[in-house]
Amino acid sequence: MIALTAITAEPLDAAALVRALDITGIGALTTFVGLVRDHNLGRRVMRLEYEAYEPLALRGLELIVQEAAEQWPDVRLAIHHRIGRMGIGEASVAIAAASPHRADAFAASRYAIERIKQIVPIWKHEYFEGGDVWIEGATADPDNVEAREKAMKIACT
Amino acid sequence: MHVTIRLFARLRDITGSGELTREAPGGATVGAVWSSLVAEYPELSPYEKSISCAVNADYSRFSATVADGDEIAFLPPVSGG
């Protein structure tokens, strides 16, 4: 059986993620896959290395699933995030959202990726042509109401 | 009492280790543990405003009191996705 949430060093498989979801009564299914991009802020990216505080990162993903369930009770969500070394074009994150209707599946999926970037303790180490840098985004605070509202607003527009 | 300190990403690079064991006085807060770490590694100080923390792998606050054997993690701004 495939877990709904996972932090894994293995390559991600969006199709397997979909099979983790119960699709009884479902009419819409979205999959979102985030890939390692070959450029960032004008730099030519060679590869990324992702690091996580694994037990808390998993807890963070579970929290996001819970938050989404509060907002969209009919949506079923699965989120897997990969860690370790990844080349250009490899999948770093996969999200599957199933819902009776499409609007909620799209919204929950967007909410999940925005929240991952806000609260889940995972870090990208970018190796680019000429150097390397740790990417630092948001201060991870699940209780920050403003951040959560921002993610919700992005998801619902 | 002893606490285990977990550090990630740039914080780990600064201290040269992802896991440190340190003495802390009874009743110490997470914030006090952070302050003594900054005293030891002054390069950490710019992170004062942007880090968050966890105790025993659960999100926590700098005002939380730590207990003997706790695992305290300091999290620089995250960049997953």
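Just so it is clear, the structure is predicted and the values come from calculations on it, not from any experiment.

Novice: How would you sum up the overall build of chain A? Please name residues and give values.
Specialist: The secondary structure content of chain A amounts to four helices and nine strands. Along chain A, from the amino end to the carboxyl end, the secondary structure elements read β-α-β-β-β-α-β-β-β-α-β-β-α. Over its C-alpha atoms chain A spans a radius of gyration of 16 Å, differing by no more than 12% from the 15 Å that the globule rule assigns to 157 residues. With the principal axes as the frame, chain A shows a C-alpha extent of 50 × 35 × 30 Å. Sorting the 157 residues of chain A into buried and exposed places 49% on the buried side. Considering only contacts in chain A between residues 6 or more positions apart, those separated by 24 or more positions represent 76%. By element, 51% of the accessible surface of chain A is carried by carbon and sulfur atoms, the whole surface being about 7,900 Å².

Novice: Quick rundown of the sheet that holds strand β5 (residues 76-82) of chain A? Include the residues and the values.
Specialist: The strands making up a sheet associate through backbone hydrogen bonding, with each pair oriented either parallel or antiparallel. Residues and elements named next belong to chain A. Pairing is mixed in the open sheet, where four strands are placed in the order β1-β5-β7-β2. Single-partner strands in this sheet number two, and they are β1 (5-8) and β2 (28-35). On average, each strand axis in the sheet is tilted by 5 degrees relative to the strand beside it, whichever way the strands run. In terms of strand pairing, β1 meets β5 through four bridges, oriented parallel. From the neighbouring strand, A6 faces β5, where its bridge partner is H80. Relative to the sheet, helix α3 (residues 102-119) contacts β2, β5 and β7 (91-99), its axis offset from that of β7 by approximately 150 degrees.

Novice: Account for α3 of chain A, with residues named and values stated.
Specialist: End to end, α3 of chain A covers 26 Å across 18 residues, agreeing with the expected 26 Å (1.5 Å per residue, within 8%). Regarding α3 of chain A, the residues found buried are A105, A107, A108, S109, Y111, A112, I113, E114, R115, I116, Q118 and I119 of chain A. Considering only its buried residues, α3 of chain A is in contact with β2, α2 (54-71), β5, β7 and α4 (145-155) of chain A together with β4 (58-60) of chain B.

Novice: Tell me about the packing of aromatic side chains, and please be specific about residues and values.
Specialist: Here the structure, examined in full by the defined rule, presents five aromatic pairs over all chains. An angle of 40 degrees between the planes, with centres 4.8 Å apart, marks the rings of Y53 of chain A and F8 of chain B as tilted. Of this pair, Y53 of chain A sits in the loop between β4 (43-52) and α2 while F8 of chain B sits in the loop between β1 (2-7) and α1 (9-15), which puts the two residues in different chains. On the basis of relative accessible area, F8 of chain B is assigned to the buried category, the value being 3%. Ring plane angle 65 degrees and centroid distance 5.6 Å describe the contact between W72 of chain A and Y111 of chain A, whose orientation is recorded as edge-to-face.

Novice: Describe the interface of chain B and chain A, with residues and values.
Specialist: Buried accessible area, meaning the area lost when the parts come together, often serves as the stated size of an interface. Taken together, the contact between chain B and chain A spans 25 residues of the former and 32 residues of the latter. Both faces combined, the contact of chain B with chain A buries some 2,400 Å², and carbon together with sulfur accounts for 54% of it. Three residues, Y59, V78 and G81 of chain B, lead the burial of chain B against chain A; their summed loss comes to 32% of the area buried on that side. Connecting chain B to chain A are four salt bridges. One salt bridge connects E51 of chain A with R12 of chain B, and the closest N-O pair in it is separated by 2.3 Å. Counting across the interface, chain B meets chain A through 25 residue pairs in polar contact (both at pLDDT 80 or more). Going through the elements one at a time, β1, α1, β3 (52-55), β4 and β5 (71-75) of chain B are the ones with two or more residues in the side of chain B that touches chain A. Of the residues forming the side of chain B that touches chain A, the biggest block, four residues, is contributed by α1 of chain B. Across the side of chain B that touches chain A, the residue classes tally to 13 nonpolar, five polar and seven charged.

Novice: Give a description of the pairing of β7 of chain A that names residues and reports values.
Specialist: Residue and element names in this part refer to chain A. Within β7, nine of the nine residues are buried, which leaves it mostly tucked inside the rest of the structure. For β2 and β7, the ladder comprises eight bridges, and the chain directions are antiparallel. Across the sheet, the residue bridging to V33 is A94, located in β7. Of the pairings in the sheet, the one linking β5 to β7 comprises six bridges and is antiparallel in character. The residue of β7 that forms the bridge with I79 is I95.

Here is what the cut-offs are and how they apply
- Residues numbered from 1 in each chain as written.
- Chains lettered and ligands numbered in written order.
- Predicted model: local features only at pLDDT ≥ 70, side-chain atom pairs only at ≥ 80, totals over all residues.
- Heavy atoms only, no water.
- Helix = DSSP H or I, 4+ residues; strand = E, 2+ residues; numbered from the N terminus.
- Rg over C-alpha atoms; globule rule 2.2 N^0.38 Å.
- Buried < 20%, exposed > 50% of the residue type's maximum accessible area, 1.4 Å probe, protein only.
- Contact = heavy atoms within 4.5 Å.
- Areas by Shrake-Rupley, 256 points an atom, 1.4 Å probe, with all protein chains shown as cover.
- Pairing = 2+ DSSP bridges.
- Axes fitted to C-alpha atoms, helices over the stretch in contact; angles between N-to-C directions.
- Expected span 1.5 Å × (residues − 1).
- Phe/Tyr/Trp six-rings, centres within 6.5 Å; stacked < 30°, edge-to-face > 60°.
- Buried area = accessible area lost by both parts, 1.4 Å probe.
- Salt bridge = Lys/Arg side-chain N within 4 Å of Asp/Glu carboxyl O.
- Polar contact = N/O pair within 3.5 Å; in protein donor to acceptor, adjacent residues only side chain to side chain.
- Nonpolar A, V, L, I, M, F, W, Y, C, P; charged D, E, K, R; others polar.

Read these as geometric descriptors, not functional statements.
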